[in-house]
Amino acid sequence: MRDISRRGLLGAGLGAAAAIGVAGCGSNGPDRSGPGDPAKGGGRGKGSAKPSPSKTPGRLIGDGSTSDTGKQPHQPPKPVRLEPGQSPPQFVIFSWDGAGEVGNGLFPRFLELARNHGAGMTFFLSGNYVLPESKKSLYRPPNNPVGASDIGYLTDDHIKDTLKYIRLAWLDGHEIGTHFNGHFCGGSGSVANWTPADWRSEAEQAVKFVTEWRTNSGWHDIDPLPFDYRKELVGARTPCLLGQDKLLPTAKQLGWRYDASSPGGRQIWPDKKLGIWDLPLQAVPFPGHTFEVLSMDYNMLANQSKNSTQGVPSRYPGWKKQATDAYLAGFSRAYETNRAPFFIGNHFEQWNGGIYMDAVEDALKGMAGKKDVRLVSFRQFCDWLDVQDPQVLAKLRTLEVGQAPAGGWNAFFKAA
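Bear in mind the structure is a predicted one, so any value in this text is a computation, not a measurement.

Section: the overall build of the protein chain
Part 1 of the reasoning: Along the backbone of the protein chain there are 12 helices and 13 strands.
Part 2 of the reasoning: A separation of at least 24 residues holds for 77% of the contacts in the protein chain among residues at least 6 apart in sequence.
Part 3 of the reasoning: Of the roughly 15,000 Å² that the protein chain leaves accessible, carbon and sulfur atoms contribute 51%.

Written out as structure tokens, the structure reads:
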């Protein structure tokens, strides 16, 4: 597995992945605001570019770091079962690993993009991104030194901005998941070697950092996060897509509904592992190559500039087009055939001049607004899955990558 120096990439994002079968993952950056259109499975309608107003604290929880403000705004209508012969929606889930604000304007940029196109997204927050570095001794990572973190810690100002945009994201209807904390991908302390008990400790610490940021920071003049994180948190993505097999028993104990950590997934309809929806990043066509690439920004980079985040500038335009076309090829292959959900992973990064952020934006714009397309969060997608007829979902899982239903959807479902 290629490994770009991790601590040095804080603020640029970080990762570990290449082509199909190699995992990708990373750090983060900053933001603006937004999601969805009820008809598309998001919340706010298109064109509403104003950020959500600050809300009253609601019922404060614990030390006041979080609060219960009631039902989350901007959610899609209650999902219903597919009707006989009805085409399945084309779900697309854009997700962000780390979800920290580091001063590059990316968090607000993609919140605004989401709002303008009726999209819901999932932000996998790294717990130590809301823990001041002066308090890093509070973090006890499994099999690693106290306070260690391969993605480092944010400055106090960046923590405050992270809290601001996580707050706005939730108010705009997005999901807040977890990317855990220290992002250990190599050596004996790698998450690949963690036990279920290790994952339990890491998950509980991630929640603790989010729910006790006021105590840890001493900042009492900042609005609380407007949600109960212990109820909000229903899914995760592991660092570098490693360790899912040992995480799942813990995820089941914690009552989580899905896991998005499996590498090398295929564009087929998902199934459950240990009763939890397995929603992996997927292999998609990579223009100009016979192999496929995992649907994440780091994997695009690893197959273009290899182990450098600052490749040859003259190649940026071609790489950007290749990355955009890869996302759109994956989308079209599903949309025009089996309608398998499409999962895309990102980091708030500026690798190779920011071309991957531009590619993600262009790809989203190329998908939004098409018939039956729903840009949603992982949790919203699980809501839809959970109300479907199990026999219908089982029938959908018989469709291979790029396989359209023989005779159309009506004939296909009659055999279910």
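A word on helix H8 (residues 316-335)
Part 1 of the reasoning: Taking 1.5 Å of rise per residue, the 20 residues of H8 would be expected to cover 28 Å, and the 28 Å separating its terminal C-alpha atoms lies within 8% of that figure.
Part 2 of the reasoning: If you check which residues of H8 are buried, you get Tyr316, Trp319, Gln322, Ala323, Thr324, Ala326, Tyr327, Gly330, Phe331, Arg333, Ala334 and Tyr335.

Regarding unusual backbone geometry
Part 1 of the reasoning: Located in the positive-phi region is Leu274, a residue other than glycine, with phi close to 50°.
Part 2 of the reasoning: Mapping Leu274 onto the fold places it in the loop between strand S8 (272-273) and strand S9 (276-278).
Part 3 of the reasoning: Residue Leu274 is classed as partly exposed on the basis of its relative accessible area, which comes to 49%.
Part 4 of the reasoning: A positive phi angle is found at Asp372, which is not glycine, with a value near 70°.
Part 5 of the reasoning: Inspection of the secondary structure assignment puts Asp372 in the loop between helix H9 (355-367) and strand S13 (373-375).
Part 6 of the reasoning: Under the relative-accessibility criterion, Asp372 is labelled partly exposed at 30%.

Details of the state of the cysteines
Part 1 of the reasoning: Scanning the entire structure with this criterion turns up one disulfide.
Part 2 of the reasoning: Linked covalently through their sulfurs, Cys185 and Cys240 form a disulfide whose S-S length is 2.2 Å. In this structure, the disulfide formed by Cys185 and Cys240 twists by about 90° around the S-S bond and is classed as right-handed. In this pair, Cys185 sits in the loop between strand S5 (175-178) and helix H3 (196-211) while Cys240 sits in the loop between strand S6 (235-236) and helix H6 (244-254), placing the two residues 55 residues apart along the sequence. Comparing Cys185 with Cys240, the two get one shared label, buried.

A word on the pairing of strand S4 (residues 121-125)
Part 1 of the reasoning: Within S4, five of the five residues are buried, which leaves it mostly tucked inside the rest of the structure.
Part 2 of the reasoning: Residues Met121, Phe123 and Leu125 line one face of S4 and the alternating positions Thr122 and Phe124 line the opposite face, and both faces are buried.
Part 3 of the reasoning: For S4 and S5, the ladder comprises four bridges, and the chain directions are parallel. Residue pairing across strands places Phe123 opposite Ile176, the latter belonging to S5.
Part 4 of the reasoning: After leaving S4, the chain enters helix H2 (residues 156-171) and then returns to the sheet as S5, a path that is right-handed.

Considering the packing of H3 against H6
Part 1 of the reasoning: Interaxial distance between H3 and H6 falls to 8 Å at its minimum, and their mutual angle equals 55°. Regarding the angle of H3 to H6, the classification is oblique. Of the two possible hands of crossing, H3 and H6 adopt the one that is right-handed. Along the contact surface, H3 presents Pro196, Trp199, Arg200 and Ala203, while H6 presents Lys246, Leu247, Pro249, Thr250, Gln253 and Leu254.

Here we look at the pairing of strand S12 (residues 342-346)
Part 1 of the reasoning: Burial analysis of S12 places five of its five residues in the buried class, the great majority of the element.
Part 2 of the reasoning: Neither face of S12 is left uncovered, since the one carrying Phe342, Ile344 and Asn346 and the one carrying Phe343 and Gly345 both have all their residues buried.
Part 3 of the reasoning: Pairing geometry for strand S3 (residues 90-98) and S12, over five bridges, is parallel. Its bridge partner lying in S12, Ser95 is registered against Gly345.

Conventions used here
- Residues numbered from 1 in each chain as written.
- Predicted model: local features only at pLDDT ≥ 70, side-chain atom pairs only at ≥ 80, totals over all residues.
- Heavy atoms only, no water.
- Helix = DSSP H or I, 4+ residues; strand = E, 2+ residues; numbered from the N terminus.
- Contact = heavy atoms within 4.5 Å.
- Areas by Shrake-Rupley, 256 points an atom, 1.4 Å probe, with all protein chains shown as cover.
- Expected span 1.5 Å × (residues − 1).
- Buried < 20%, exposed > 50% of the residue type's maximum accessible area, 1.4 Å probe, protein only.
- Disulfide = S-S within 2.5 Å.
- Pairing = 2+ DSSP bridges.
- Right-handed = clockwise from strand over helix to strand, strands pointing away.
- Axes fitted to C-alpha atoms, helices over the stretch in contact; angles between N-to-C directions.
- Parallel < 35°, antiparallel > 145°, perpendicular 65-115°, else oblique.
- Left-handed = near helix turned anticlockwise from the far one by under 90°.

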